[in-house]
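# Examining the three-dimensional arrangement
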Amino acid sequence: MSLCSDCVKGVRHEGTPEGKIEFIGDVRCYVGTPSGEYNEEKAVLFLPDVIGIDLINAQLLVDDFARNGFKTIAIDYLNGDPVPDNAFTGGKYDFPAWLAKHGNEQTRPNIDKVVTALREQGVKDFGSTGYCFGARYGFDLAFENITKVTVVSHPSLLEVPEDLEKYKRLSRAPLLINSCTFDQRFPKEAQAEADRILGNGEQFTETYRREYFEGCTHGFAVRGDLSKPEVKAGKEGAFKAAVLFFKQHL
């Protein structure tokens, strides 16, 4: 497939969300639907970070994927209990306690309910885009080959190298990783391991890509400080890379 830069409608940094809240499989979701004709047998699962689906940044991203032709569903797998968006500014939020209440047993069932309901609606092929906390589920869905293509940005909760080796062994889904300079959860050592294991030592192959955004910090693809030119460019670059990857593989 031949694609040029004009094939991608860019990410917005502010605006009014265009999608809507729907209950899919009895799970609360934020849904972006393309305005024109699109392939209704394909859908992108948007797997948010711990701030959840009501963060306007996340909703605008969902809308922008829809503007590029993909019906996109952000799933509330946090059961209506996200981390407050100002939780990390005061230094007093008990994140380990929150995390203990949002493990796989509490969160994964909502994803499975949505996938089942979408299949009943006629969706056959799923892509996923997972941010931070959501990247864990992007990998898990790929392990089970529920998804056809995987995008993760500044991933968290991955075991390196174990999850990378497991991905190579079990998944058929092409993988894009959006990585950055300052990321304790997926540092340069983990990035190099990903290239070694999934790219056979290369950063870019036909089915594996690791984009790298210099000067960016963990969270840049959703909640970065857009007053910094390198972060603004990183958010835009990560979104464009994701859209092109979906257009190629989904």
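Look up a bit, the structure's there.
Residues numbered from 1 in each chain as written. Predicted model: local features only at pLDDT ≥ 70, side-chain atom pairs only at ≥ 80, totals over all residues. Heavy atoms only, no water.

## Comments concerning unusual backbone geometry
Backbone phi values are negative for most residues with the exception of glycine, while trans is the configuration of most peptide bonds. The test is simple: Labels follow the DSSP assignment, with helices taken as runs of H or I lasting at least four residues and strands as runs of E lasting at least two, numbered in each case from the N terminus. Burial classification: accessible surface area is computed with a 1.4 Å probe over protein chains only, and a residue below 20% of its type maximum counts as buried, one above 50% as exposed, and the rest as partly exposed.
Each neighbour pair has its own omega, and for Val160 with Pro161 the value is 15°, a cis peptide bond. Residue position: Pro161 is located in the loop between β6 (149-153) and α5 (162-170). Phi angles above zero are rare outside glycine, and Asn145 is one such case at about 55°. Relative to the assigned elements, Asn145 resides in the loop between α4 (133-143) and β6. The residue Leu157 is not glycine, and still its phi comes out positive at about 65°. Within the secondary structure layout, Leu157 lies in the loop between β6 and α5. Classification of Leu157 as partly exposed rests on a relative accessible area of 42%.

## Quick look at the pairing of strand β8 (residues 208-217)
On any regular strand, side chains alternate: one points to one face of the sheet, the next to the other face. The test is simple: Here the rule is simple: two strands pair whenever DSSP picks up at least two bridges between them. Here a crossover is taken to be right-handed if, once the strands point away from the viewer, the path from the first strand over the helix to the second is traced clockwise.
Two elements, strand β7 (residues 175-182) and β8, share 7 bridges in a ladder whose sense is parallel. Across the sheet, the residue bridging to Phe182 is Thr217, located in β8. The parallel pair β7 and β8 is bridged by helix α6 (residues 188-198), and the resulting crossover is right-handed.

## Considering α4
Summarising burial for α4: 11 of the 11 residues are buried, a large majority. If you check which residues of α4 are buried, you get Phe133, Gly134, Ala135, Arg136, Tyr137, Gly138, Phe139, Asp140, Leu141, Ala142 and Phe143. Asn145 lies just past α4 and shows a positive phi near 55°.

## Looking at the pairing of strand β5 (residues 125-131)
Most of β5 is tucked away, with 6 of its 7 residues classed as buried. Relative to β5, strand β3 (residues 42-47) runs parallel, the two being bridged by 6 bridges. Within β5, the residue paired with Leu47 across the bridge is Gly130. Between the parallel elements β5 and β6, the chain passes through α4 in a crossover that is right-handed.

All quantities given are derived from atomic positions and should not be read as evidence of function.
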